[in-house]
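Geometric and topological summary
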Amino acid sequence: MMARILCTVLVTAAVLGIRFPAYAQLDTSVTNSLGKKLDQYMALLEMEPVRVKCEEADFLIESCSDSLVRQFTAIRLYSHFMDSKLMGDEAVSIHIFDKWFAPGTVKMQSEPAFMNARIFAEFNRQSLIGMKAPELTLEDMDGNWHSLFEDGIFSDRLSVLFFYDSGCPTCKMESIMLRNILGDRKYRLNFYAVYTGHSREGWEEFVSSYLGMDNPDIRILHLNDPQGESGFQMKYGVLQTPGIFLISRDGTIIGRGLDSMALKQLLDIRTSGQEGYGSEESAAFYEKMFSDFGNSPDCGQVREVCDRIAVRTLEAGDTAVFRQMAGDLMYWLGTVRGEGYKCGLEYLLRKYIEGKPSVWTDPDDSLAILPYAGILSDLLGKSGIGERLPDIKVRGIMKRAGKERHVSRKLSSLRNTAVIFHTEGCGFCREELAAADSLSEADRKARFFLVDTDMLLDTDPETVYRLFDALDLTVMPYITATDRKGLVTRKYMSLR
């Protein structure tokens, strides 16, 4: 996925390197424009792993040549991930704080804002998604001590960690919801209910009134930290209650900041055997599958794989396996380059995802499948086959018969031309430009129009905004070809 994201950011985020005249402060038109582009880009990143989001946030901030633009960008990104409804995004906000705000490289908007960010980071950095659950030693109602999540000790089931206080109205509501949800016999769990208060009477009354579990498959422990020695507040970021975590069998945090319904969705995914979409294992599976077609499968071969999956799963009545395989394939095709792959992705989206709405009805699909499918469809539909290129005047290099001329052309006016959008730092771009040189020497009729997006950003950033809106520049180099009428005949192509 990283290759696609890095290429995207060179086009979208680099607008942050625009040099505006002598800032005293950023005016509203600048912040609105930058904010809109940042929000668009964050939408593209939504389904990427935290590691990629951190890398892209760093790249965006580093791309800003002006200190005020950099501050605006850093604060906008920090706030975006802090306010995100996607579980795990808080890790990105902590990364941004640690790298940019904590050392003073970028200033926050005020000292109180800085202190709040520091407190949040310190109280949450130990319990992020993917980390080992910090060990806790707590006392039960009978005075026995229990060590939870000891290093190297595995469980035979998932574990729920529920922090609550007897004086918390929301805790009472969540406890009732949890009791109803976890009464379902399909769940086999360890349930650790941790009372954060200091009243023995309040603790016992809360347990008897709200936390009675009528499910023999759930092991429940009612725990407390009477001396405050476990450090659960810092380890799990318990600044307020309730707090719900889901821990895997090997002690890894797989859910945090949950409410009861979000916990149910995660449990349903885990207990159904569905571990989410786009895993490294599924990527390796599809890489191996498509390797049988050589380096560049054509559209028909990719479509054949899509149809084969549907025949063996969906048509056989196994909707769950179809959803998993088709979802994984969509994620993988969204990351690879190549004309055949992109054509096949368009087919998959049209026929099996957007074309099968009755299949994609699970709660997880509304988060992980349908939004991303919509983004991909929008990108693939820009300047499609049989359409004209956008009526945007662009400065570039016209190459023909081994000769080059710097010219300005409307893209819609180009005939029998391969248009190559490229950028610095892109290895594939260098290979495709070298291929264009060779073809230009070998075929004197071949015509190429080369657009250096880095140069364009320095001289005409507004044009880059328009290009990004009209073309799918998430893959660099982006190469498209026109016929004698100026209509697009190919896109996402390679000259090599």
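Just above sits the structure.
To keep things clear, this report deals only with the structure shown in the data block. (Residues numbered from 1 in each chain as written. Predicted model: local features only at pLDDT ≥ 70, side-chain atom pairs only at ≥ 80, totals over all residues. Heavy atoms only, no water.)

1. A closer look at the state of the cysteines
Under the definition given, this model contains two disulfides. Residue Cys168 pairs covalently with Cys171 via a disulfide, S to S 2.5 Å. Handedness of the Cys168-Cys171 disulfide follows from its S-S torsion of about 85°: it is right-handed. Each of the two residues, Cys168 as well as Cys171, counts as buried. (Disulfide = S-S within 2.5 Å. Buried < 20%, exposed > 50% of the residue type's maximum accessible area, 1.4 Å probe, protein only.)

2. Let's talk about unusual backbone geometry
For the peptide bond that leads from Thr241 to Pro242, omega is 0°, which places it in the cis range. Met476 connects to Pro477 through a cis peptide bond whose omega is -5°. With respect to the secondary-structure elements, Pro477 resides in the loop between α19 (461–470) and β12 (478–482). Non-glycine residue Phe149 carries a positive phi angle of around 60°. Within the secondary structure, Phe149 sits in the loop between β2 (145–148) and β3 (158–164). At Asn416, a residue that is not glycine, the phi angle is positive and equals roughly 45°. On the secondary structure map, Asn416 appears in the loop between β9 (403–410) and β10 (418–422). Residue classification places Asn416 among the partly exposed positions, given a relative accessible area of 46%. (Helix = DSSP H or I, 4+ residues; strand = E, 2+ residues; numbered from the N terminus.)

3. Looking at the sheet that holds β3
What holds strands together in a sheet is hydrogen bonding between their backbones, with the strands either parallel or antiparallel. With mixed pairing, seven strands are arranged side by side in an open sheet as β2-β1-β5-β4-β3-β6-β7. Looking at the sheet topology across the chains shown, the edges are occupied by β2 and β7 (253–255). Between one strand axis and the next, the sheet turns by 35° as a mean value, whatever way the strands run. Here β3 pairs with strand β4 (residues 189–195) via seven bridges, running parallel. Counterpart to Val160 in the pairing with β4 is Phe191. Sitting on the sheet, helix α7 (residues 169–181) is in contact with β3, β4 and β6 (243–247), with an inclination near 155° to β3. Contacting β1 (136–140), β3, β4 and β5 (218–224), helix α8 (residues 200–210) crosses the sheet at an angle of about 160° to β5. (Pairing = 2+ DSSP bridges. Axes fitted to C-alpha atoms, helices over the stretch in contact; angles between N-to-C directions. Contact = heavy atoms within 4.5 Å.)

4. Some thoughts on the environment of Pro226
Relative to the helices and strands, Pro226 resides in the loop between β5 and α9 (232–236). Using a relative accessible area of 32% as the deciding quantity, one classes Pro226 as partly exposed. Distance in space between the C-alpha atoms of Pro226 and Thr196 is 8.6 Å, their sequence separation being 30 residues. For Pro226, the contacting residues outside a window of four places in its chain are Glu139, Trp145 and His198.

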